[in-house]
Amino acid sequence: MALSKDTGQATAQEFEHSLKDNARQLVDLLEQGQFGEAILVIHAINMARDRGLYHEVGQLTRALHNAIVNFQIDTTQALGDEAETTRISDASDRLDYVVTLTDKAANRTMDLVDASAPIVADLGQEAAALRADWDRLQRREMAAGEFRDLYKRMGDFLEKTEHSAAQVSGQLNDIVMAQDYQDLTGQVIKRVITLVHDVEESLLNLVRMAGQVDRLAGIEHQKPTPEAKKVSPKGEGPQIHADKREDVVSGQDEVDDLLSSLGF
Amino acid sequence: MKILIVDDFSTMRRIIKNLLRDLGFTNTAEADDGTSALPMLQSGNFDFLVTDWNMPGMSGIDLLRAVRADDRLKHLPVLMVTAEAKRDQIIEAAQAGVNGYVVKPFTAQALKEKIEKIFERVQAK
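Computed from a prediction, not measured in an experiment: that's the story for all the values here. Going along each chain's sequence as written, the residues are numbered from 1 onward. The lettering of chains begins at A and the numbering of ligands begins at 1, in the order of writing. Residue-level local features of this predicted model are given only where pLDDT is at least 70; pairs of side-chain atoms are given and counted only at 80 or more, and the full residue set underlies all totals for whole chains, interfaces and linings.

Draft legend 1. Inspection of the overall build of chain A at higher detail. A tally of regular secondary structure across chain A gives 7 helices and 0 strands. Each helix and strand of chain A, ordered N terminal to C terminal, gives the series α-α-α-α-α-α-α. Three exposure classes are used, based on other C-beta atoms lying within 10 Å of a residue's own C-beta, which is placed from the backbone: buried for 20 or more, exposed for 12 or fewer, and partly exposed in between. Looking at the 264 residues of chain A, the share that counts as buried comes to 7%. In chain A, 71% of the contacts between residues at least 6 apart in sequence involve partners at least 24 apart. Strands here are runs of E lasting at least two residues and helices are runs of H or I lasting at least four, both read from the DSSP assignment and numbered beginning at the N terminus. The contact criterion used is a C-beta to C-beta distance within 7 Å, with each C-beta placed from the backbone.

Have a look at this one:
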């Protein structure tokens, strides 16, 4: 935001300096009994205060306007014109895209695992059956007719293994490829983080400027009394920095400990 | 054994469904929040409920309370599988009558253990 906090502070300081000077002058004039002059000084103080106030409110308004323009918050809707894409709604769209992409990747990965699992299970079963017969062959418990059958099955199995291995290897590669969402979603999320930082900074600037207005106008705000925190029935979602917080468990072991302390 | 899986994300439902299938439970149904799950439970002869906490519409904790308040469902075993990890929330779920609590991200082993423990206890009764 081009309008810095410094001009605001300068105006306020200027006013406070002139207030001090004028106050001394006012006391002198009153002591000397020059009431007409004194009234003029009071008037001058009022003028300076109003000027400062107008200046600050003007700055605040302009900053607010800039913030709205910066984030392309959609004012056209409020004014009844055609709606345009805003940075905020753009960010929402981008995050929706992250949800879609991660959903697709997760399903694609699970599809591939579902496709691979039976192939591997099938190979395992057949290998186990062949090994049982192979053991019998080694113990010379096999008749010649049975051996010819085993000979053929072994050949078929080797061919099938070769084919299945290629198939599963391809599917494993596809699983790796399905993780490409990480790169794309990472970029999108980073952009949204930047936007959130920008919004936060602009809001902080507005609060700072509003504070100057309060100072000049002599407005004091009541501090909101902190409400007792209640467990939200909606839930809060995943906790970050769980390992550094006392009120959050950092894994299943802690859940189990907590529940067993409750008699579970 | 008929099991209802309630989670708003289809991928998580699928993961839980696959893990249950590996444990030998193939008769499962799915719902995406408490509002759609409750009528299914009331009319569907389910033996077990696996639910998330944080969902649009009716949350998992509210679903748990609704189940415990329903005369025909109040003995239904409920396992919560959720990212909600605050101590207060776990205590709240315990007080509401949950039978097991698994925090996400979880392992197949953790889910298996909790489910087996719940069934052991149910069968012991």
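Draft legend 2. Quick peek at the confidence of the model for chain A. Residues and elements named next belong to chain A. As a per-residue quantity, pLDDT reports the predictor's confidence and falls between 0 and 100. Predicted confidence across chain A gives a mean pLDDT of 83, with 88% of residues reaching 70 or more. The element-level mean pLDDT for chain A is lowest in helix α3 (residues 76–79), coming to 54, with helix α5 (residues 144–177) highest at 94. Low pLDDT, under 50, characterises residues 1–5; the stretch is placed with 12 contacts to residues that sit more than four places away or in other chains.

Draft legend 3. Quick peek at unusual backbone geometry. A cis amide bond links Lys104(B) to the next residue, Pro105(B), at an omega of -5 degrees. Here Pro105(B) lies in the loop between β5 (100–103) and α5 (108–124). Within the chain, Arg140(A) stands out as a residue other than glycine whose phi angle is a positive 55 degrees. One can find Arg140(A) in the loop between α4 (87–138) and α5.

Draft legend 4. Inspection of the nonpolar core at higher detail. Buried Ala, Val, Leu, Ile, Met, Phe, Trp, Tyr and Cys residues form a nonpolar core when they are connected through C-beta atoms within 7 Å. With 36 residues, the main nonpolar core has Leu4(B), Leu49(B), Val50(B) and Met80(B) as its most contacted residues. Sequence-distant contacts of Leu49(B), defined by excluding residues within four places in its chain, comprise Leu4(B), Leu41(B), Val67(B), Leu76(B) and Val78(B).

Draft legend 5. Spatial organisation of the interface of chain A and chain B. Every contact between the two is made by 23 residues of chain A and, on the other side, 23 residues of chain B. Ten residues, namely Ala, Val, Leu, Ile, Met, Phe, Trp, Tyr, Cys and Pro, are considered nonpolar, four, namely Asp, Glu, Lys and Arg, are considered charged, and the remaining ones, Gly among them, are considered polar. Residues that form the side of chain A that touches chain B fall into these classes: 13 nonpolar, 6 polar and 4 charged.

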